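If you want the building blocks of each chain, they are given just below.
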Amino acid sequence: YPNTKKLHFNIVGSGTLNQKFKYLSNQNNIKFVGRVENLKNFISDKKIILVPNDIILGIRVRIITSLMYGLVVITHRSNCKGIPELADNVNCLIFDNNKELSEIIHKIINRNLNLLEISRNARELYKEKFENIAVIKNNLNQII
């Protein structure tokens, strides 16, 4: 979807990612940002974040940070292991393979998803499970 006028992509990161997608660098709606030291400042004005990592590592801080800002998170199912509260089409968008990722992007372009509702649910999930006061309450409830 590189030539679509509806979406603009900022590809964050370095290493092999930039080499794999170098052919996209001539598209005017795709920007390779490289490494970002302070992700919070970068994502605060974005709407959607793609976290394609398919390696099971546990909780992904960038997903939690994105939920905090109410971003719509598109992520590989492997990331749900660390954040089991993620629910497809409720508070994020989940894919298992490239075909499913392509289908999600197609639905976004065609406005077949309620991104505003997913964004609100993402923010609610953050407030309920990850905000400081929620974490303290959850831990206290487990201790008592």
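Residues numbered from 1 in each chain as written. Predicted model: local features only at pLDDT ≥ 70, side-chain atom pairs only at ≥ 80, totals over all residues. Heavy atoms only, no water.

Colleague: Can you tell me about unusual backbone geometry, naming the residues and giving the values?
Modeller: Leaving glycine aside, a negative phi is the common case for residues, and trans is the common case for peptide bonds. Phi angles above zero are rare outside glycine, and Asn89 is one such case at about 65°. Here Asn89 lies in the loop between strand E4 (72-76) and strand E5 (93-95). You will see that Arg111, though not glycine, has its phi angle at about 55°, which is positive. By secondary structure assignment, the location of Arg111 is in the loop between helix H4 (98-109) and helix H5 (115-130). (Helix = DSSP H or I, 4+ residues; strand = E, 2+ residues; numbered from the N terminus.)

Colleague: Could you give an account of the environment of Ile104, with specific residues and numbers?
Modeller: Structurally, Ile104 can be placed in helix H4. Remark: the alpha-carbon pair of Ile104 and Leu93, spanning 11 residues in sequence, is separated by 7.5 Å. Not counting chain neighbours up to four residues away, the residues in contact with Ile104 comprise Ile74, Leu93, Ile94, Phe95 and Leu113. (Contact = heavy atoms within 4.5 Å.)

Colleague: Which residues make up the environment of Ala87, and what values do they have?
Modeller: By the secondary structure assignment, Ala87 is in the loop between E4 and E5. Classification of Ala87 as partly exposed rests on a relative accessible area of 26%. Note: C-alpha distance between Ala87 and Asn121 (34 residues apart in sequence) is 9.7 Å. With residues near it in sequence (within four places) discarded, Ala87 still touches Cys92 and Ile94. (Buried < 20%, exposed > 50% of the residue type's maximum accessible area, 1.4 Å probe, protein only.)

Colleague: Before we move on, could you go through the pattern of salt bridges and cite the residues and values that matter?
Modeller: Tallying each qualifying case throughout the model produces 3 salt bridges. Lys99 is the salt-bridge partner of Glu103, the closest N and O atoms lying 3.0 Å from each other. Within this pair, Glu103 and its partner Lys99 are both found in helix H4, separated by 4 residues, close to a single helical turn. On the accessibility criterion, Lys99 (58% relative accessible area) is exposed. In this structure, Glu124 and Lys127 form a salt bridge, with 3.5 Å as the shortest nitrogen-oxygen distance. Taken as a pair, Glu124 and Lys127 lie in helix H5 at a separation of 3 residues, close to a single helical turn. Residue Glu124 is classed as partly exposed on the basis of its relative accessible area, which comes to 36%. (Salt bridge = Lys/Arg side-chain N within 4 Å of Asp/Glu carboxyl O.)

Colleague: Tell me about the packing of helix H3 (residues 61-68) against H5, residues and numbers included.
Modeller: At a minimum axis separation of 7 Å, H3 and H5 run at an interaxial angle of 115°. Taken together, the axes of H3 and H5 are roughly perpendicular relative to one another. Here H3 contributes Ile64, Leu67 and Met68 to the contact with H5, which in turn contributes Ala122, Arg123, Leu125, Tyr126 and Phe130. (Axes fitted to C-alpha atoms, helices over the stretch in contact; angles between N-to-C directions. Parallel < 35°, antiparallel > 145°, perpendicular 65-115°, else oblique.)

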